[in-house]
Amino acid sequence: MFGRSRIETKTPDQILRMRKAGLVVGQTLQLMAQTVRPGMTTKQLDELAEEHIRGCGATPSFLGYHGFTGSLCTSVNDEVVHGIPGSRVLAEGDLISIDCGAIVDGWHGDAAISVIVGGRDAGRPEDLALIDATEDSMWAGIAALTVGESLYAVGAGVEDSIVASGERDGHDYGIIEDYVGHGIGTEMHMDPQVPNYRVRDRGPTVRSGVTVAIEPMVTLGSAETTVLEDDWTVVTTDKSRAAHWENTVAVTDAGLWVLTALDGGKERLEAAGAAYAPLA
């Protein structure tokens, strides 16, 4: 149901249903991280992901979405998001962001990770710092979700984390503003939008039962982007590398449950001082 905040809330039973989809997504991304290697094509990754998703009794969210042809989004190096799996051969040291969605019994899960092809030892120091800064900012944004507070505290948390990481790492990171987080439930993308940066407006108030996808996208340079001729792939205009992290999160009066994290987000939430509150 929608209240004055215009954010749809879910019942505990509905959140448990979303957790099933979230686990499929989390397991698929874990498999992708363990499997990706130099010499693979992004299409091979995609085929493996689809096989795993369907083997779990789920359906890929992305496949056929507005004509999208993959079960994953595979965005490499200067590609920020929405990269289409295909014949591109991955090379050692590439930075790949892998976005995955799955549907179980009509309910969606959505998450993304960024990894180095060939493992962290193959990565450039600045790419490793970017990946870690982006992941940290996602968790900072998630930890800012609190019943009764502004949803836009998420963006403030993300931005503050990125600024702090940039000062620590000696990088002037760019936060993508054109693509933001979103509500999620029986559809993959629902109201409200969730900015990854500080905004003046208070925005809607977080209520118990809210489910949202938090997904900062950060670059090693400018935050300006353009879309390639395929009408999907978003790239940085200055060719700087980008990272993307995402999780689907449920908020209750008791705390937070990260539906796409295999451990429910327990370790990272507790480290951030946020309450970890699984429903099962």
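Values in this document were obtained by computation on a predicted structure and should not be read as measured data.

Participant: I tried to follow the overall build of the protein chain on my own but got confused; where do I start?
Facilitator: In terms of helices and strands, the protein chain carries 5 helices and 15 strands. Since a compact globule built from 280 residues should have a radius of gyration of about 19 Å, the 17 Å found for the protein chain is in line with a globular shape. C-alpha extents for the protein chain along the principal axes are approximately 50 × 45 × 35 Å. Taken over 280 residues, the protein chain has a buried fraction of 55%. As displayed, the protein chain offers around 11,600 Å² of accessible surface, 47% of which is attributable to carbon and sulfur atoms. Separation between the mean location of the 21 positive side-chain charges and that of the 41 negative ones in the protein chain comes to 5 Å.

Participant: Explain helix H4 (residues 153-169) here, please?
Facilitator: Along an α-helix, a turn takes 3.6 residues, which lines up residues three or four apart on a common side. When the terminal C-alpha atoms of H4 are compared, their 24 Å separation across 17 residues agrees well with the 24 Å that a helix rising 1.5 Å per residue should span. Among the residues making up H4, those that are buried are Val154, Gly155, Ala156, Gly157, Val158, Ser161, Ile162, Ser165 and Gly166. At its buried positions, H4 is contacted by helix H3 (125-143), strand E6 (174-175), strand E8 (190-194), strand E9 (211-214) and strand E10 (217-219). Backbone geometry just after H4 places Gly170 at a positive phi near 75°.

Participant: How do you make sense of the environment of Ala58 when you look at a structure like this?
Facilitator: Within the secondary structure, Ala58 sits in the loop between helix H2 (42-55) and strand E1 (59-60). Ala58 gets classed as buried once you look at its relative accessible area, which sits at 5%. Measuring from C-alpha to C-alpha, the distance between Ala58 and Pro204 comes to 32 Å, with 146 residues separating the pair along the chain.

Participant: Sorry, what's going on with unusual backbone geometry here?
Facilitator: Most peptide bonds are trans, and most residues other than glycine sit at a negative phi. Here Asp191 and Pro192 are connected by a cis peptide whose omega angle stands at 5°. Within the secondary structure, Pro192 sits in strand E8. Of note in this structure, His82 is not a glycine but carries a positive phi near 70°. Turning to its location among the elements, His82 is positioned in the loop between strand E3 (79-81) and strand E4 (95-104). On the basis of relative accessibility, which here comes to 23%, the residue His82 falls in the partly exposed class. Although it is not a glycine, Asp231 adopts a positive phi angle of roughly 70°.

Participant: Help me understand the sheet that holds E10 in this model?
Facilitator: Taken in spatial order, the 3 strands of this open sheet run E6-E10-E13, and their pairing is antiparallel. Pairing within the sheet leaves two strands with one partner each, and these edge strands are E6 and strand E13 (242-244). Pairing between E10 and E13: 3 bridges, direction antiparallel. Considered in E13, the bridge of Thr219 is made with Ala242.

Participant: Help me understand the nonpolar core, please; the structure alone is not making it clear to me.
Facilitator: One recurring pattern in soluble globular proteins is that nonpolar side chains are buried together. Among the nonpolar cores identified, the biggest contains 56 residues, and Leu45, Ile96, Ile98, Ile142, Leu145, Ile214 and Leu256 are the most heavily contacted of them. Per-element accounting of this core gives the leading share, 8 residues, to H3. In contact with Ile96, not counting residues within four places along its chain, are Val36, Thr42, Leu45, Thr74, Ser75, Val76, Leu90, Ile113, Ser114, Val115 and Val117. Judged by nonpolar contacts, the second largest core, of 7 residues, contains Met18, Ala250, Trp257 and Leu259.

Participant: How should the pairing of strand E14 (residues 247-252) be read in this particular structure?
Facilitator: In the case of a regular strand, side chains alternate between the two sheet surfaces. Counting buried residues in E14 gives 6 out of 6 residues, a clear majority hidden from the surface. Where E9 and E14 come together, 4 bridges link them in antiparallel fashion. When the bridges of E14 are listed, Ile214 appears paired with Asn247. For E14 and strand E15 (residues 255-258), the ladder comprises 4 bridges, and the chain directions are antiparallel. In the strand pairing of E15, Thr252 is matched with Gly255. In textbook terms, the turn of a hairpin is the stretch between consecutive antiparallel strands, and for E14 and E15 this stretch comprises 2 residues.

Participant: Please explain the pattern of salt bridges as it appears in this structure.
Facilitator: Should the charged atoms of two oppositely charged side chains come close, the side chains can pair. Under the definition given, this model contains 15 salt bridges. Salt-bridge contacts for Arg198 lead to Asp160; the nearest nitrogen and oxygen are separated by 2.9 Å. Highlighted residues: Arg198 in the loop between E8 and E9 and Asp160 in helix H4, separated in sequence by 38 residues. Judged by its relative accessible area of 42%, Arg198 is partly exposed. The class for Asp160 is partly exposed, based on a relative accessible area of 41%. Here Asp169 makes a salt bridge to Arg168, at a shortest N to O gap of 2.8 Å. Residue Arg168 is classed as exposed on the basis of its relative accessible area of 54%.

Cut-offs applied
Per chain, residues are indexed from 1 in the order of the written sequence. With the structure being a predicted model, the display of local features is reserved for residues of pLDDT at least 70 and the display and counting of side-chain atom pairs for 80 or more, all residues being used for whole-chain, interface and lining totals. Hydrogens are left out, water is left out, and the side-chain values use all remaining heavy atoms of the structure. Helix and strand assignments come from DSSP, with helices taken as H or I runs of at least 4 residues and strands as E runs of at least 2, each series counted from the N terminus. Note that the radius of gyration is over C-alpha atoms, with the globule rule given as 2.2 Å times the number of residues to the power 0.38. Relative accessibility decides the category of a residue: with a 1.4 Å probe and only protein chains considered, values under 20% of the type maximum give buried, values over 50% give exposed, and everything between is partly exposed. Reported accessibility uses the Shrake-Rupley method at a 1.4 Å probe radius. Residues are deemed covered only where the shown protein chains occlude them. Counted charges follow a simple rule, with Lys and Arg positive, Asp and Glu negative, and His plus the chain ends left uncounted. A charge is said to be at NZ when it belongs to Lys, at CZ for Arg, at CG for Asp and at CD for Glu. What a helix is expected to span follows from its residue count: subtract one and scale by 1.5 Å. Residue contacts are defined here by distance: any two heavy atoms, one from each residue, within 4.5 Å place the two residues in contact. Pairing between strands is defined by DSSP: at least two bridges between the two strands are required. Nonpolar core, defined: a set of buried Ala, Val, Leu, Ile, Met, Phe, Trp, Tyr and Cys residues in which side-chain atoms within 4.5 Å join the residues together. Just to be clear on terms, a salt bridge is a Lys or Arg side-chain nitrogen sitting within 4 Å of an Asp or Glu carboxyl oxygen.

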